[in-house]
Amino acid sequence: MEIELRGITKRFGEVVANSDVNLTIRAGEVLGLLGENGAGKSTLMNVLSGLYRPDGGEILIDGKPVQFRGPGDAIRAGIGMVHQHFMLVPVFTVAENVVLGVEPTGPVDFLDLKKARAQVREINETYGLEVDPDEYIENLPVGVQQRVEIIKVLFRSANAIIFDEPTAVLTPQEVTEFFAIVKSLRSAGKAIVFITHKLHEILEVADRISVLREGRIVGEGVPGKTTDLELAEMMVGRPVSFKVDKTPFSPGPVLLDVQHLTVLRENDAVAVNDLTLNVRAGEIVGIAGVQGNGQSELVEALAGVRRVAGGSVMFQGKDITGASARDRHRLGMAHIPEDRQRTGIIAAFTVAENMVLDTYYDSRFSRGLAMDWQAVNQNSAAAAAAFDVRTPSIFEKAGHLSGGNQQKLVVARELNRDTKLLIASQPTRGLDVGSIEYIHKRIVDAREEGDGILIVSSELDEIMSLCDRILVMFKGRIVAEFGAAGRPANKNDIGLAMAGVAA
Amino acid sequence: MSEQGETATLTARLLERAAPKRADFEDLVIVPVFAVVVALILGGVAMLATNVDLETIGRSYVALAYGSIGSINALSETITAATPLILAGLGVALGFRAGLFNIGAEGQILMGGMAAVVVGFSFTGLPMLVHLPLALLAGIVAGALYAAIAGWIRAATGAHEVILTIMLNMISYRLVDYMLRMPAIQRPGRSDPISSSVLPTAELPRLLEWLGPNLRLHSGVFLMLAAVLFVYWLLFRSTIGFEFRASGESPEAARFAGMRSGLIIVLVMALGGAFAGLAGANQVLGVLGRASSGFSAGIGFDALAVALLGRSHPFGVVIAGLLFGALEAGGRQMQVDAGVSIDLIGIIQSLIILFIAAPLVVRALFPWGFRKGAPASKE
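Analysis parameters
- Residues numbered from 1 in each chain as written.
- Chains lettered and ligands numbered in written order.
- Predicted model: local features only at pLDDT ≥ 70, side-chain atom pairs only at ≥ 80, totals over all residues.
- Heavy atoms only, no water.
- Contact = heavy atoms within 4.5 Å.
- Buried area = accessible area lost by both parts, 1.4 Å probe.
- Salt bridge = Lys/Arg side-chain N within 4 Å of Asp/Glu carboxyl O.
- Polar contact = N/O pair within 3.5 Å; in protein donor to acceptor, adjacent residues only side chain to side chain.
- Helix = DSSP H or I, 4+ residues; strand = E, 2+ residues; numbered from the N terminus.
- Nonpolar A, V, L, I, M, F, W, Y, C, P; charged D, E, K, R; others polar.
- Buried < 20%, exposed > 50% of the residue type's maximum accessible area, 1.4 Å probe, protein only.
- Core = buried A, V, L, I, M, F, W, Y, C linked by side-chain atoms within 4.5 Å.
- Domains from an automatic or database assignment.
- Pairing = 2+ DSSP bridges.
- Axes fitted to C-alpha atoms, helices over the stretch in contact; angles between N-to-C directions.
- Expected span 1.5 Å × (residues − 1).
- Phe/Tyr/Trp six-rings, centres within 6.5 Å; stacked < 30°, edge-to-face > 60°.

The extent of an interface is frequently quoted as the accessible surface area lost upon association of the parts. Counting residues at the interface gives 33 residues for chain B, matched by 48 residues for chain A. Together chain B and chain A conceal approximately 3400 Å² of surface at their shared face, both sides included; 62% is due to carbon and sulfur atoms. Counting every contact that joins chain B to chain A gives two salt bridges. The shortest N-O distance in the salt bridge between Glu252 of chain B and Arg342 of chain A comes to 3.0 Å. Our enumeration of links across chain B and chain A arrives at 12 residue pairs in polar contact (both at pLDDT 80 or more). No other element matches the seven residues that helix α9 (residues 239-249) of chain B contributes to the side of chain B that touches chain A. For the side of chain B that touches chain A, a count of residues per class yields 13 nonpolar, seven polar and 13 charged.

See below:
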């Protein structure tokens, strides 16, 4: 099977998402599609999977032009997509999920689950997937859920499989297993498209690489010949540096001292369990861990937006266990929340309004009850310029900015004042290489100024390149420490600790 | 130096305001205008369907126009009807801006009106300069406190404000009826639920009596204008309004930014109730002169429509309130001249809201009023 995209163009109103894109996908080959967020990767694949109709160009399968009127047409043509966000019913079993929509039926429309289970087992064996057809989805780890998605696609006899950012939700170990699956699919003769913005992954698994920027194919590469720096440059359109330059580690006094902290989830389950840590001035402490091990709750408790169930939090020797978010803010704590869309910015507010979202009451921006919009606007424009927030004007709605610029807006707001401690949760999640580089630089700048920094990230690479000290969080506890006093940081060891394997 | 200069240029460029977008114009102007036009046409269709002949339909719309803007008296009636709608509408709009659906304006009007009436007839011998502000203040405070009950329960327990305010409306109807039969309030010698009359020192002075004795326009209109300017300042020029709007757009982001959501909810509800209470006081001190059973007359519910039609913007609320006032004043004339039931006005008002709430219907009916192409989206 060979799929050819010829001159594909897709517009949304005035926005050109794809412009004259040519791409060939071949059986038994992994095509890596690399590009920043907003480069048009998802649009292109949605065209290929029949969700969007292109405004120009054509799709050829084995040389014959085809027209997809909907995803059903694409599936019948043998094209399957594994989405970044899984589309599974948690209370159904694996087999039930796999057959959903194309259920094998016996006489009198009887649902033949026995047959479904057998078919799932068969696919399992063919590709070495190892999934129990009778297990409920909600009991499966994310990596296995992803395999269920793959089985779903294979069950619908796909010959070409598109993976949209497949590793975003996986632990390092799961990523390794996932690559093994991709390789077995390739040797079975499937054509595979692997969409990502992570360079090292694409170099590891792809046979060919195409780079998309601003809706166009700007370059191609072959792993082994093309380097990650060359690919990054194609992706961003300018030379990029991966190295984070830091001065030698010389921590000051303890700023944040967390003792025996316990925090509960909404359902009263324990999220953070008797956790103790500290952050010193001039150091970057990273918390690694698979998402959902209590990191979010820890950060929210430290930021004062979640109640503490037990233990104490001291900041510069002051007990702030029960202090409000505003109080902590006034003391010089800054917080970059993990979900910028929901808690970091207000999409319907302008850039200027978002820039003062937690400082509007300050004497710089208001007198008594009256806002000083003149001062707000001046300050916001200066901050936007200083922190490289790309917007046509500060009166633009923040929701209209790209993800990277929204995040830079949050960073600008939090760092553009006299801070002593920065708590950043997933500071670069979903961002492009250029924005990541910039935000990392700003975080390191804050460290050089003597700020203490606590970073929570599920990106191990980010933690490893930025942090002076790495703590691994598993089931609400710190289970390992690396760097500085602890063991030297090693990706494999950290990955094992993240998976809860006692080291 | 050059880098500094560059930053300065960039900063200056970022401070430039973009011209208002076509989409904003469509949303703020074209949709409401078309909604009104379509509602009037469909009102005619409704009349046709009920066997009203074309001539009468024509006559009724002429009467509608004449009765609302055709004479000094008509204008006086329109503004008199619009004033409480705008006041209560401002209260509802404040709630909308903060993400709260305050259905309770009706009950808040009743409580505010009752308090104003009681103060209005109870204190004899006070000069007007003291008595009138006191009566108005009583209305404001009563409305604010009554609404704050809903706000407090919402903030403390998470119970939904829609249910709470509906229930408080129910309570207020009966409470008013009960109070109107209390010896201290009921007019001496009457057995029906009606209060004593407000003393002249607590009445809102009429403005146009020198032109004609029937012109009911009273000085409540100044209160209304002051309220509009105050709400504008509050929403867009004050830190409190910033918190209101932030909470309305994204309660979570507001909380993460250190705003106290519980306090904001109580404050918004109380302020909204204060405006509704002022609307009630405005009615009893400026128009009715006393309180009777159900004197709120649905103003609190029309205020919801006014706030929606006015896009929760104080100036929009003024325009919407004037339109609804005009429909009410014109509707009465329509009933007299053409014999068409005033219920038709209710139909037209409801249709306007229907179309405002469903802009896509308006777009479909008038494709030439809007720029072509689906709304743009990235990826």
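The phi torsion of most residues other than glycine is negative, and most of the peptide bonds are trans. Residue and element names in this part refer to chain A. Of note in this structure, Glu130 is not a glycine but carries a positive phi near 55°. Along the polypeptide, Glu130 turns up in the loop between α4 (113-127) and α5 (142-155). Of note, His260 is a non-glycine position whose phi angle comes to about 50°, a positive value. Within the secondary structure, His260 sits in strand β11 (residues 254-264). For His260, a relative accessible area of 46% puts it in the partly exposed group.

What follows covers the nonpolar core. Core analysis: the biggest nonpolar cluster contains 161 residues, and Phe242, Phe244 and Leu285 of chain B have the highest contact counts within it. It is helix α11 (residues 261-288) of chain B that provides the largest number of residues to this core, a total of 12 residues. Residues in contact with Phe242 of chain B, not counting those within four places in the same chain, are Phe349, Glu353, Val356, Leu357, Tyr360, Met371 and Trp373 of chain A together with Leu235 and Met259 of chain B. By size, the runner-up hydrophobic cluster in this structure holds 48 residues, among which are Val82, Leu129, Val153 and Ile202 of chain A.

Take the domain arrangement of chain A next. Residue and element names in this part refer to chain A. As assigned here, chain A comprises domain 1 (2-236), domain 2 (244-332 + 420-503) and domain 3 (344-417). On a C-alpha basis, the centroid separation for the pair domain 1 and domain 2 is 34 Å. Each side of the interface is counted separately: domain 1 has 10 residues, and domain 2 has 14 residues. Summing the contributions of domain 1 and of domain 2, the shared interface buries around 950 Å²; its carbon and sulfur component is 57%. Together, Asn37, Pro172 and Gln173 form the three largest contributors to the area buried by domain 1 at its contact with domain 2, with a combined 39%. The interface formed by domain 1 and domain 2 holds one salt bridge in total. For Lys198, the salt bridge goes to Glu459, with nearest N and O atoms at 3.7 Å.

Let us now look at the sheet that holds strand β19 (residues 421-425) of chain A. All names here are of chain A. Reading across the sheet, the six strands line up as β16-β19-β20-β13-β21-β22 and stay open at both edges, with mixed pairing between neighbours. In the strand order of this sheet, the two ends are held by β16 (333-336) and β22 (477-482), each with one partner. Along the sheet, successive strands turn relative to each other by an average axial angle of 20°, direction set aside. Relative to strand β20 (residues 452-456), strand β13 (residues 284-288) runs parallel, the two being bridged by four bridges. Along β20, the bridge assignment pairs Val285 with Leu454.

This brings us to helix α13 (residues 373-386) of chain A. Residue and element names in this part refer to chain A. In this model α13 runs 19 Å from its N-terminal to its C-terminal C-alpha over 14 residues, within 8% of the 20 Å that 1.5 Å per residue would give. Here α13 has its buried residues at Trp373, Ala375, Val376, Asn377, Ser380, Ala381, Ala383, Ala384 and Ala385. Just downstream of α13, Asp388 is the residue with a positive phi angle, here 60°.

What follows deals with the sheet that holds β11 of chain A. All names here are of chain A. Across the sheet, four strands lie side by side as β12-β11-β14-β15; this open sheet has antiparallel pairing. Across the chains shown, the open sheet's two edge strands, defined by having one partner strand only, are β12 (270-280) and β15 (318-319). Examined bridge by bridge, β11 and β12 share seven bridges and lie antiparallel to one another. Among the inter-strand pairings, Leu261 is bridged to a residue of β12, identified as Leu275. Taken strand by strand, helix α9 (residues 295-303) contacts β11, β12 and β14 (310-315), and its axis lies near 120° from that of β11.

With respect to the helices and strands, the residue Ser210 of chain A is situated in strand β9 (residues 208-213). Its relative accessible area of 1% is what places Ser210 of chain A among the buried residues.

Scanning the model with the defined rule gives 14 aromatic pairs over all chains in all. An angle of 75° between the planes, with centres 5.3 Å apart, marks the rings of Phe12 of chain A and Tyr52 of chain A as edge-to-face. Here the residue Phe12 of chain A occupies a position in strand β1 (residues 2-12), and Tyr52 of chain A occupies one in the loop between α1 (41-48) and β4 (56-61), the gap between them amounting to 40 residues. A relative accessible area of 24% places Tyr52 of chain A in the partly exposed class. Arranged with centres 4.9 Å apart and planes meeting at 10°, the rings of Tyr232 of chain B and Phe315 of chain B form a pair that is stacked. Here Phe315 of chain B lies in helix α13 (residues 314-338) and Tyr232 of chain B lies in helix α8 (residues 220-237), a separation of 83 residues in the sequence. Under the relative-accessibility criterion, Tyr232 of chain B is labelled partly exposed at 24%. Every member of this aromatic cluster is reached through a ring pair, and the members are Phe349, Tyr360, Tyr361 and Trp373 of chain A together with Phe242 of chain B.

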